[in-house]
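Fold and contact review
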Amino acid sequence: MDMSKDVIAKLSYMIPQAVRPAYYTDRPGVRPRFTGAFQEVPVHIHNGRTLARPASLAREGFQFLRHETRDVDFSSDAAIEQDYYPQVQALLARLSGAHRVEIFDHTVRTNDMSDPQRRPAQHVHNDYTAKSAVQRTRDILGDEAEALLRSSRHWQLN
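Below: a short report on this structure. (Residues numbered from 1 in each chain as written. Predicted model: local features only at pLDDT ≥ 70, side-chain atom pairs only at ≥ 80, totals over all residues. Heavy atoms only, no water.)

A count of helical and extended segments in the protein gives 3 helices and 4 strands. Counting from the amino terminus, helix and strand elements in the protein follow one another as β-β-β-β-α-α-α. Scored against the burial criterion, the 158 residues of the protein give a buried share of 15%. Of the contacts formed within the protein by residues at least 6 apart in sequence, a portion of 50% connects residues at least 24 apart. When the accessible surface of the protein is split by element, carbon and sulfur atoms take 51% of a total near 12600 Å². (Helix = DSSP H or I, 4+ residues; strand = E, 2+ residues; numbered from the N terminus. Buried < 20%, exposed > 50% of the residue type's maximum accessible area, 1.4 Å probe, protein only. Contact = heavy atoms within 4.5 Å. Areas by Shrake-Rupley, 256 points an atom, 1.4 Å probe, with all protein chains shown as cover.)

Have a look at this one:
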């Protein structure tokens, strides 16, 4: 595959509608249901590896780098939390200058229908709004959240 080429891909975007859409999750083995409607839109996707100046975490929100990961059993959530979380926390702290990195809610994606919560997303979305990101910070950090939200000049929920 020629890594220098940009691509045109059809991405599925939600169509504006009169009634607010809802997402219903159920139990494993049952596909989640969504009441919204989507439309495929052709999108020109630029290869970030060919930018005139390299992407940076601070400017673009991502960057490319080589990083050696010690062996991790990615089929085990417990192993991911025990072995991979510390590696990622150290990397993110080094790259961002963060004094603290909290990792939560990882999901290993799979096409296994017995666990539809782990299936890859089929449409463009984001996980948090400005309001829900603050609430999620409170949910995760509990009593520490308010002081950290007030005292931090910069915090980020990804």
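The next subject is the side chain of Ser12. In this structure, Ser12 sits in strand E1 (residues 7-14). Setting aside residues no more than four positions away along its own chain, Ser12 makes contact with Phe38, Gln39, Glu40, Gln122, His123 and Val124.

Here we come to the packing of aromatic side chains. Scanning the entire structure with this criterion turns up 3 aromatic pairs. Ring geometry for Phe62 and Phe64: centres 5.5 Å apart, planes at 80 degrees, overall edge-to-face. A residue is classified by how much of its surface remains accessible, and Phe64, at 42% relative accessible area, is partly exposed. (Phe/Tyr/Trp six-rings, centres within 6.5 Å; stacked < 30°, edge-to-face > 60°.)

Residue pairs spaced three or four apart in an α-helix point in one direction, given the helix's 3.6 residues per turn. Most pronounced at Tyr84, the bend in helix H1 (residues 77-96) amounts to some 40 degrees, and the proline Pro86 follows within four residues. Every buried residue belonging to H1 is among Ala79, Ile80, Tyr85, Gln87, Val88 and Leu91, and all of these are buried. After H1 finishes, the residue Gly97 shows a positive phi value of roughly 80 degrees. (Bend = angle between axes of the 7 residues up to and from the residue.)

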